[in-house]
Amino acid sequence: MAELVAVIASTHHPFYYRASTSTGADRPPFADEWVRKIELFRETLTAARPDVLVMVGSDHFHQLWLDNMPQFLVGKAPFYDGNFSNEEREFGLPKMLLKGQEDLSEYVLRQGLDSGFDLAFSNELRIDHSITCPIITLRPDADLPIVPIYTNIFAPPLPQPKRFVQLGRTIRQLVESWPSDKRVAVVGTGHLSLELGGPRQFGPHGPDPQFDQKAVGWIAGGDIEECLAEVSLESLHLPGNATHGFMDFMLMMGVAGEGQKADYVDTYDLFHTMEAYFTWYPNGVPQIGVPQIGGTA
């Protein structure tokens, strides 16, 4: 059976690529520290030596629209084009082409349906920055095949938070039961408090630092039940109008497991959002090439 070698959750800030590659007067003052943190975080995936990446993200109304909005969708294409024209224009993101792991996609779809999730699928999926940005930060060579899984965090009616956790648990079961000798990492990206187009979008910090502190604590400590007790579709409107992306973090907590403390935790407070990075090693921390574990800043 396949081995789940790493579970990784992070934010997916679309400006990282431009900030990290800018030079001279165009380079923002926070870029060097941001790059330092990302490079440390990247080593947590490198140390796990994965063969395949299962990538959980949320389409930002790029390909999925109100005429047909699946709640959970699995890509099962041989290749995936990455980034849309507005992402290239606004964020400077490059065009990308990523290979798909079709047999794992088909297995997740078939077994997921049989496990009680009516998953949608696409053989022609194009991926946006919720998946390409984690590739850029964690695996810039883009040399590993992927299985993209998209969740609906934007278009009501949304699934309940507990459904995201349930899907995370199911993804883990399916990865670990996949009849393969490959090493698999599950990478998911979401948001902490986030405001888009509202009055709190460009404040001195994220729109709700108190929520961010609690959320980082829940994720780092694997406190799924405590998180579910406080988080609802209604409550997620309060920390910012786009904070429902936190449910993708809850999905990743489901993959990691109840009470599983993250082996690596780091944060970075950018002027309008709290960036956060977490890694779990289900079979123990690798002994070679692992950066300092558990540090926050």
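Calculation criteria
- Throughout, a residue's number is its position along its own chain's written sequence, starting from 1.
- Local features in a predicted model are, by the rule used here, given only for residues with pLDDT of at least 70; side-chain atom pairs are given and counted only at 80 or more, and totals for whole chains, interfaces and linings are based on all residues.
- Side-chain numbers here rest on the full set of heavy atoms in the structure, without hydrogens or water.
- Each helix is a run of H or I in the DSSP string that is no shorter than four residues. Each strand is a run of E no shorter than two, and both are numbered from the N terminus.
- Definition of nonpolar core: a set of buried residues of the types Ala, Val, Leu, Ile, Met, Phe, Trp, Tyr and Cys, connected through side-chain atoms within 4.5 Å.
- For the exposure calls, accessible area comes from a 1.4 Å probe over protein chains only, and a residue counts as buried if that area is under 20% of its type's maximum, exposed if over 50%, partly exposed in between.
- The contact rule is simple, with two residues in contact once any of their heavy atoms fall within 4.5 Å.
- For two strands to be treated as a pair, DSSP must find at least two bridges joining them.
- Where helices are involved, their axes are fitted lines through C-alpha atoms of the stretch in contact, as for all axes, and angles between N-to-C directions lie from 0 to 180°.
- The positive count covers Lys and Arg only, the negative count covers Asp and Glu only, and His and the chain ends enter neither.
- Salt bridges are identified by distance alone: a Lys or Arg side-chain nitrogen within 4 Å of an Asp or Glu carboxyl oxygen.
- Think of a polar contact as two N or O atoms within 3.5 Å of one another; within protein, one of them needs to be a possible hydrogen donor and the other a possible acceptor, and neighboring residues in sequence only count if both atoms come from side chains.

A.B. asks: Help me understand unusual backbone geometry, please; the structure alone is not making it clear to me.
C.D. replies: Glycine aside, residues mostly have negative phi, and peptide bonds are mostly found in the trans state. In this chain, Pro156 is followed by Pro157 through a cis amide linkage whose omega measures 5°. Tracing the backbone shows Pro157 in the loop between β7 (146-151) and α6 (161-177). Although it is not a glycine, Arg49 sits at a positive phi angle of roughly 55°. Structurally, the position occupied by Arg49 is in the loop between α2 (31-46) and β2 (52-57).

A.B. asks: Looking at this structure, I do not really get the nonpolar core. What am I missing?
C.D. replies: As a rule of thumb, nonpolar side chains are buried together in soluble globular proteins. Membership of the largest hydrophobic core comes to 55 residues, with the highest contact counts inside it found for Leu192, Phe246 and Phe278. A total of nine residues in this core trace back to one element, the largest contributor, which is helix α9 (residues 246-256). When residues no more than four places from it in sequence are discounted, the contact partners of Leu192 are Phe211, Asp212, Ala215, Val216, Ile219, Thr243, Phe246, Phe249, Met274 and Ala276. Formed by 39 residues, the second largest nonpolar core is a distinct cluster that contains Ala48, Leu53, Leu73 and Ile136.

A.B. asks: Which parts of the structure should I look at to understand the sheet that holds strand β8 (residues 183-189)?
C.D. replies: Strand pairing in a sheet takes place through backbone hydrogen bonds and is either antiparallel or parallel in direction. The sheet built from eight strands is open, its strands ordered β6-β3-β7-β2-β8-β1-β10-β9 with mixed pairing. Looking at strand neighbours, the two that pair on one side only are β6 (120-122) and β9 (264-270), the edges of this open sheet. For this sheet, the mean inter-axis angle between neighbouring strands, taken without regard to orientation, is 15°. Taken together, the five bridges between β2 and β7 define a ladder with parallel strand orientation.

A.B. asks: What am I meant to see in the side chain of Asp59 here?
C.D. replies: Mapping Asp59 onto the fold places it in the loop between β2 and β3 (72-75). Buried and without a salt bridge, Asp59 has Arg126 as its closest oppositely charged side chain, separated by 9.1 Å. Only 3.1 Å separates the side chain of Asp59 from the backbone nitrogen of Gln63, close enough to count as a polar contact. Among the polar contacts listed, one links the side chain of Asp59 to the backbone nitrogen of Leu64, at a separation of 2.9 Å. Not counting the four nearest positions on each side in its chain, Asp59 is found in contact with Leu64, Asp128, Ser130, Tyr150, Thr151 and Phe154.

A.B. asks: What am I meant to see in the pattern of salt bridges here?
C.D. replies: Oppositely charged side chains are able to pair whenever their charged atoms sit close together. Counted under the stated rule, the structure contains nine salt bridges. Arg183 is the partner of Glu3 in a salt bridge, and the nearest nitrogen-oxygen pair spans 3.4 Å. Placement of Glu3 in strand β1 (residues 3-10) and of Arg183 in strand β8 is noted, with a sequence separation of 180 residues between them. Under the relative-accessibility criterion, Glu3 is labelled partly exposed at 32%. Given a relative accessible area of 18%, Arg183 falls into the buried group. Salt-bridge contacts for Lys37 lead to Asp266; the nearest nitrogen and oxygen are separated by 2.9 Å. Note that Lys37 is positioned in helix α2 and Asp266 in strand β9, a separation of 229 residues in sequence. Accessibility expressed as a relative area gives 5% for Asp266, which makes it buried.

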